[in-house]
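# Commentary on secondary and tertiary structure
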Amino acid sequence: MTTTDVTRIAALIATEIGARPEQAKVAITLLDEGATVPFIARYRKEMTGGLDDGQLRLLSERQVYLRGLDARRDTILGSIREQGKLTTELETAIAKASTMAELEDIYLPYKPKRRTKAEIARERGLGPLAEAILGDRAATPAELAKAYITDDVKDDKAALDGARDILAEQFSENADLVGHLRGYMKENAVLRSRLVEGKEEAAAKFSDYFDHVERWANVPSHRALAMLRGRNEDMLALDIEVDADDKSPVKPAVRMIADAYQIGRDLPGDRWLMDVASWTWRVKLSLHLMLDLMRDLRERAEEEAIKVFARNLKDLLLAAPAGSRST
């Protein structure tokens, strides 16, 4: 890593740990030279300006994450550049991405993947049909589809299914939309735990979670870890749900997709596109985001559990070895 990169990362981390950039830079250099966090905290205080153990541990974790982020950013830029699709705007967006999730959302439309239904539909000449439906909401999609019937596209239903696949892929690869939906789910999702049928006796130790629901954002680490352990042992089934109890005709998450593409409710094209938005959410986006949130839940719970263990261990190690007796 260049000196410029170290300076940039040090400046970012310094704001997070309440230190000066030069302190963070010295600490990163020491870590790169092989020094450990306890060694730096104990024997290199004069060099780091007094950074404590907590600050140094956070710095160590963050510099690994940020370097991994930079490496992934370079890989993504190289991949898109090789495809001949790198624009100035795209390069700027990639450079500004501050998390791995945001970076992957931007890369998703350009990520090499297996031949999808949307790709097959494009090969059959249905891309213009999807564009026509998006562009002319007053037209009836079934009427537009008749112009695209060929040997490979047997009827207007097949044409509309292909257009749906193309648009669903477009919706699900919209980085801004996916980011907003992820934020909405983090605010409103619930974690639901259920007993796996037939495991009543074997899962007795997980009885508190046989039918348990609570907000994803508020699940404490000990309960999250217990439910995840129950799932790993095939005793519990875990789901992350959003809008499950919402009775409105169009769920808020679907409405967010519709709003991103100005989909109304009255015109024939709008009604068809609303069905596509609902299908996209149900089949593609909800599952993808549920997996993201489940991974975030596990990481959050494990991090908190480590902090609790560290606090307890510190109290134990600092306790007087013989109680009130002088030693």
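Attention here is on the structure that accompanies the text. Small disclaimer: the values here were computed from a predicted structure and weren't measured. (Residues numbered from 1 in each chain as written. Predicted model: local features only at pLDDT ≥ 70, side-chain atom pairs only at ≥ 80, totals over all residues. Heavy atoms only, no water.)

## Thoughts on the sheet that holds strand 2 (residues 211-215)
- Pairing is antiparallel across the open sheet formed by three strands, whose spatial order is 2-1-3. With partners counted over all chains shown, the strands left at the sheet margins are strand 2 and strand 3 (236-241), one partner each. Recorded for the sheet is a direction-independent mean angle of 15° between the axes of neighbouring strands.
- Bridge count for strand 1 (residues 190-195) against strand 2 is five bridges, and the pairing is antiparallel. Pairing of Ser193 across the sheet is with His212, part of strand 2.
- Packing against the sheet, helix 13 (residues 221-232) makes contact with strand 1, strand 2 and strand 3, and its axis sits at approximately 125° to strand 3.
- Set on the sheet, helix 15 (residues 268-318) makes contact with strand 1 and strand 3; between it and strand 3 the angle comes to about 115°. (Pairing = 2+ DSSP bridges. Helix = DSSP H or I, 4+ residues; strand = E, 2+ residues; numbered from the N terminus. Axes fitted to C-alpha atoms, helices over the stretch in contact; angles between N-to-C directions. Contact = heavy atoms within 4.5 Å.)

## Side note on the side chain of Asp105
- If you trace the backbone, Asp105 turns up in helix 7 (residues 100-107).
- Beyond its immediate sequence surroundings of up to four residues, Asp105 is in contact with Glu173, Ala175, Val178, Gly179, Arg182 and His288.

## Observations regarding a nonpolar patch on the surface
- Taken together, the side chains of Phe309, Leu313, Leu316 and Leu317 define a hydrophobic patch exposed on the protein surface, amounting to about 460 Å² of accessible area.
- Looking at where Leu313 falls in the secondary structure, it is placed in helix 15. (Patch = residues over 30% accessible without salt bridge, like charges linked within 9 Å, V, L, I, M, F, W, Y side chains within 5 Å. Areas by Shrake-Rupley, 256 points an atom, 1.4 Å probe, with all protein chains shown as cover. Salt bridge = Lys/Arg side-chain N within 4 Å of Asp/Glu carboxyl O.)

## A few points about the pattern of salt bridges
- By the definition in use, this model includes 27 salt bridges.
- Note that Lys146 is salt-bridged to Glu143, the shortest N-O span being 3.3 Å.
- We classify Lys146 as partly exposed; its relative accessible area is 46%.
- With a shortest N-O distance of 3.1 Å, Asp292 and Arg295 are connected by a salt bridge. On the criterion of helical spacing, the pair formed by Asp292 and Arg295 is a turn pair, its members being three residues apart in helix 15.
- On the accessibility criterion, Asp292 (8% relative accessible area) is buried.
- Residue class for Arg295 comes out partly exposed when judged on its relative accessible area of 35%.
- A network of salt bridges, in which partner residues are shared, links Asp5, Arg8, Asp70 and Arg73. (Buried < 20%, exposed > 50% of the residue type's maximum accessible area, 1.4 Å probe, protein only.)

## Focus on the nonpolar core
- Counting 55 residues, the largest nonpolar core has Leu181, Met185, Ile240, Ile257, Trp272 and Trp281 as the members making the most contacts within it.
- Listed by contribution, the elements that provide at least two residues to this core are helix 8 (117-123), helix 9 (127-135), helix 11 (156-172), helix 12 (175-188), helix 13, strand 3, helix 14 (252-260) and helix 15.
- A total of 13 residues in this core trace back to one element, the largest contributor, which is helix 15.
- Excluding its chain neighbours within four sequence positions, the residues that come into contact with Met185 are Ile240, Val242, Trp281, Leu289, Met290 and Leu293.
- Counting residues in hydrophobic clusters, the runner-up holds 30 residues, among them Ile17, Leu77, Ile80 and Tyr107. (Core = buried A, V, L, I, M, F, W, Y, C linked by side-chain atoms within 4.5 Å.)

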